[in-house]
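What follows is each chain in one-letter form.
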Amino acid sequence: MTHDHLAPAGPGAGGRPFGRLITAMITPFAADGSLDVDGAARLATYLVDEQRHDGLVVNGTTGESPTTSDAEKDTVLRAVLEAVGDRASVIAGVGSYDTHHTIELAQAAAKAGAHGLLVVTPYYNKPPQAGLLRHFTMVADAADVPVMLYDIPGRTGTALASDTICRLAEHERIVAVKDAKGDLAATAQVIARTDLAYYSGDDLLTLPLLAVGAVGVVGVPTHLFGAPTKEMIEAYERGDVAGALALHQQLLPAYEGFFRTQGVIMTKAALRLAGLPAGPVRPPLVDATDEQIAQLRTDCAASGRELA
C-alpha cells in the first residue's frame, strides 16, 4: 500500500497525510488488566474494515499511554501494524514530558514500522515556547517518520503558540496538527499561513474546523460512529454543507455521551456493550458506573446506535 503521508501535506497542497478519519484507539486489556494483544488486532480490524477508518492512533492518551510500559506500547503498535498496516495509516503516540524519552519512543516506533508519530505538547513541566520549539524539533530530527503535533492545552497546561507552530511547520517531517485547543480563530490563521494538515482533536468541532481548512478528525466516539463521521466529512468536501450539518447534529448526543467523564472510560464501556474488545481501564482511572452506562446507552441511541 502507498500511504497518503508520502504526498505533500496541508489543504493548500491537497494533502491528507494520514487520511480523513482517524481514531485515537483504546488499548484493550484482559479482565486482570494485562494487555489483550489479540483484542487490539481485532479492534483495529473492526475500525478499518467496518467503521471506514483511514488511520489509527495507538498509544495515545485514549490508549492509556500513561499506564502502559514502553514494551507494551511496542507490542500494541506491532500488533496493529500487522493487522491493518497494509490498508490504513498507523500513528504511534510517543509524546511525554521528557524529550529524551520521547525520542526513544519515536525511534522505537519508527523501527516497528509506524507510518506517523503523534507528539503531544510536554505536560506538567510547562516549558516556554522556546522549549517547545526545541522539543518538537529534536523529536522530528530523531526519527525519519512524519510527525503530527498534538496541541491540547486543557490536558498539558501549555498551548502551542501560533508562531511556534508556524516555525515548526518549516521542518520537513512535521506535517500535521491534532488540534484540541478550541481556538478556531488561531487555528484558521495557522492553516492560512502553513501547509500543515489540521485534524480536529475535538469531535464536536470537526465540522467547524473543516470550514476553516482542516482535513479530518482524530476522534474517540468514532470507535462506534466512524462511518457516519466519515460520511459527514465527505459530504462537506463535495459541497453538501446541509448534509454535513445534518450528520453533525445527529452525532451530537454521542459526542456528549463519550465525554461525560474521561473519554477512554466511556469508550471502553461502549465497546463492551457492543461486544468489541475493550476490557477494564487501569488505575488511576475507574470503570464507568451503572448510571453512566445507562446514560451512554441513551446518548448512543439518540445518535442512531443501540447498545446492548
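- Named according to an unreviewed UniProt entry, the chain is 4-hydroxy-tetrahydrodipicolinate synthase originating from Micromonospora pattaloongensis.
- Under the UniProt heading Subunit (unreviewed entry), the entry covering the chain gives this text: "Homotetramer; dimer of dimers."
- Per UniProt, the chain has the following entry under Subcellular location (unreviewed entry): "Cytoplasm".

Some details on the packing of aromatic side chains
- Summed over all chains, the structure comprises two aromatic pairs.
- Here the aromatic rings of tyrosine 97 and tyrosine 123 are separated by 5.0 Å at their centres, their planes lie at 45°, and the arrangement is tilted. Here tyrosine 97, found in the loop between β3 (89-93) and α3 (99-112), pairs with tyrosine 123, found in the loop between β4 (116-120) and α4 (129-142); they are 26 residues apart in sequence, far enough to count as distant.
- Overall, tyrosine 97 belongs to the partly exposed group, its relative accessible area being 46%.
- Among the residues examined, tyrosine 123 registers a relative accessible area of 30% and is labelled partly exposed.
- Here the aromatic rings of phenylalanine 225 and phenylalanine 258 are separated by 6.3 Å at their centres, their planes lie at 85°, and the arrangement is edge-to-face. With phenylalanine 225 in helix α9 (residues 222-237) and phenylalanine 258 in helix α10 (residues 241-258), the pair connects residues that are 33 residues apart, well separated along the chain.

Notes on the pairing of β3
- The buried fraction of β3 amounts to five of the five residues, a majority that puts the element mostly inside the structure.
- Remark: the strand β2 (residues 55-58)/helix α2 (residues 70-84)/β3 crossover connection has right-handed handedness.
- Chirality of the crossover, the property in question, places the unit of β3, α3 and β4 among those that are right-handed.

Things to note about α2
- The terminal C-alpha atoms of α2 lie 21 Å apart, and with 15 residues this matches the ideal 21 Å at 1.5 Å per residue to within 8%.
- Turning to α2, its buried residues number three or more, namely Glu72, Lys73, Val76, Leu77, Ala79, Val80, Leu81, Ala83 and Val84.

Thoughts on unusual backbone geometry
- Cis geometry marks the peptide bond from proline 283 to proline 284, where omega comes out at 15°.
- In this fold, proline 284 is placed in the loop between α11 (263-273) and α12 (290-302).
- If you check the backbone angles, asparagine 59 has positive phi at about 65° while not being a glycine.
- Inspection of the secondary structure puts asparagine 59 in the loop between β2 and α2.
- Notably, lysine 126 is not glycine yet its phi reads approximately 50°, a positive angle.
- By the secondary structure assignment, lysine 126 is in the loop between β4 and α4.

Points about the UniProt feature "site: Part of a proton relay during catalysis" (unreviewed entry) in the chain
- Here, UniProt's "site: Part of a proton relay during catalysis" (unreviewed entry) annotation points to Thr61 and Tyr124. From the set just named, the residues that line the largest pocket comprise Thr61.
- Position of threonine 61 among the secondary structure elements: in the loop between β2 and α2.
- Overall, threonine 61 belongs to the partly exposed group, its relative accessible area being 27%.
- In this structure, tyrosine 124 sits in the loop between β4 and α4.

Focus on the UniProt feature "active site" (unreviewed entry) in the chain
- As recorded in UniProt, the feature "active site" (unreviewed entry) lies at Tyr150 and Lys178. A compact arrangement is adopted by the annotated residues: their sequence extent is 29 residues, whereas the largest C-alpha distance between any two is 4.7 Å. As for the annotated residues, the ones lining the largest pocket are Tyr150.
- Looking at the secondary structure, you find tyrosine 150 in strand β5 (residues 147-151).
- For tyrosine 150, a relative accessible area of 8% puts it in the buried group.
- For tyrosine 150, the contacting residues outside a window of four places in its chain are Leu118, Val119, Val120, Thr121, Lys178 and Ala180.
- Here lysine 178 shows up in strand β6 (residues 174-179).
- Sequence-distant contacts of lysine 178, that is, excluding residues within four places in its chain, are made with Ala24, Leu118, Met148, Leu149, Tyr150, Asp151, Tyr199, Gly201 and Val218.

What to know about the environment of proline 228
- With respect to the helices and strands, the residue proline 228 is situated in helix α9.
- Along the sequence, proline 228 and glutamine 250 sit 22 residues apart, while their C-alpha atoms lie 9.1 Å from each other.
- Sequence-distant contacts of proline 228, that is, excluding residues within four places in its chain, are made with Leu247 and Leu251.

Digging into the packing of α11 against α12
- Running from N to C, α11 and α12 point in directions that differ by 70°, and their axes come no closer than 10 Å. Classed by the angle they form, the pair α11 and α12 counts as roughly perpendicular. For the element pair α11 and α12, the recorded crossing hand is right-handed. Contact with α11, carried on its side by Met266, Ala269, Ala270 and Leu273, involves Gln292, Ile293, Leu296 and Arg297 of α12 and no other residues of that element.
- Grouping the amino acids of the contact of α11 with α12 by side-chain chemistry returns six nonpolar, one polar and one charged.

Rules behind the numbers
- Numbering of residues begins from 1 in every chain and follows the order in which that chain's sequence is written.
- Only residues with pLDDT of at least 70 get local features here, since the model is predicted, and only at 80 or more are side-chain atom pairs given and counted; chain-wide, interface and lining totals rely on the full set of residues.
- Values shown for side chains rest on all heavy atoms present in the structure; no hydrogens or waters enter the calculation.
- UniProt positions are given in the numbering used here, feature names are shortened, and annotations may be inferred rather than shown by experiment.
- Centres within 6.5 Å are what make two rings of Phe, Tyr or Trp a pair, Trp counting through its six-membered ring; a difference in plane orientation under 30 degrees is then read as stacked, over 60 as edge-to-face, and the rest as tilted.
- Strands are runs of DSSP state E lasting at least 2 residues, helices are runs of H or I lasting at least 4, and numbering of each runs from the N terminus.
- To sort residues, take the accessible area from a 1.4 Å probe on protein chains only and compare it with the maximum for the residue type: under 20% means buried, over 50% means exposed, and anything in between is partly exposed.
- A right-handed crossover is one whose linking path, passing over the helix from the first strand to the second, runs clockwise when the strands point away from the viewer.
- How far a helix is expected to stretch is found by multiplying one less than its residue total by 1.5 Å.
- We place a 1 Å grid over just the protein atoms. Points where a 1.4 Å probe fits but has no way out form a cavity, open points with protein on both sides within 12 Å along at least 5 of 7 lines form a pocket, and any residue with an atom within 4 Å of a point lines it.
- The contact rule is simple, with two residues in contact once any of their heavy atoms fall within 4.5 Å.
- Note on definitions: angles span 0 to 180 degrees between N-to-C directions of axes, and those axes are lines fitted to C-alpha atoms, for helices only across the stretch in contact.
- Each angle receives one of four descriptions, namely roughly parallel if under 35 degrees, roughly antiparallel if over 145, roughly perpendicular if within 65 to 115, and oblique otherwise.
- Left-handed describes a crossing whose near helix is turned anticlockwise from the far helix through less than a right angle; right-handed describes the clockwise counterpart.
- Classes in brief: Ala, Val, Leu, Ile, Met, Phe, Trp, Tyr, Cys and Pro nonpolar; Asp, Glu, Lys and Arg charged; the others, Gly included, polar.

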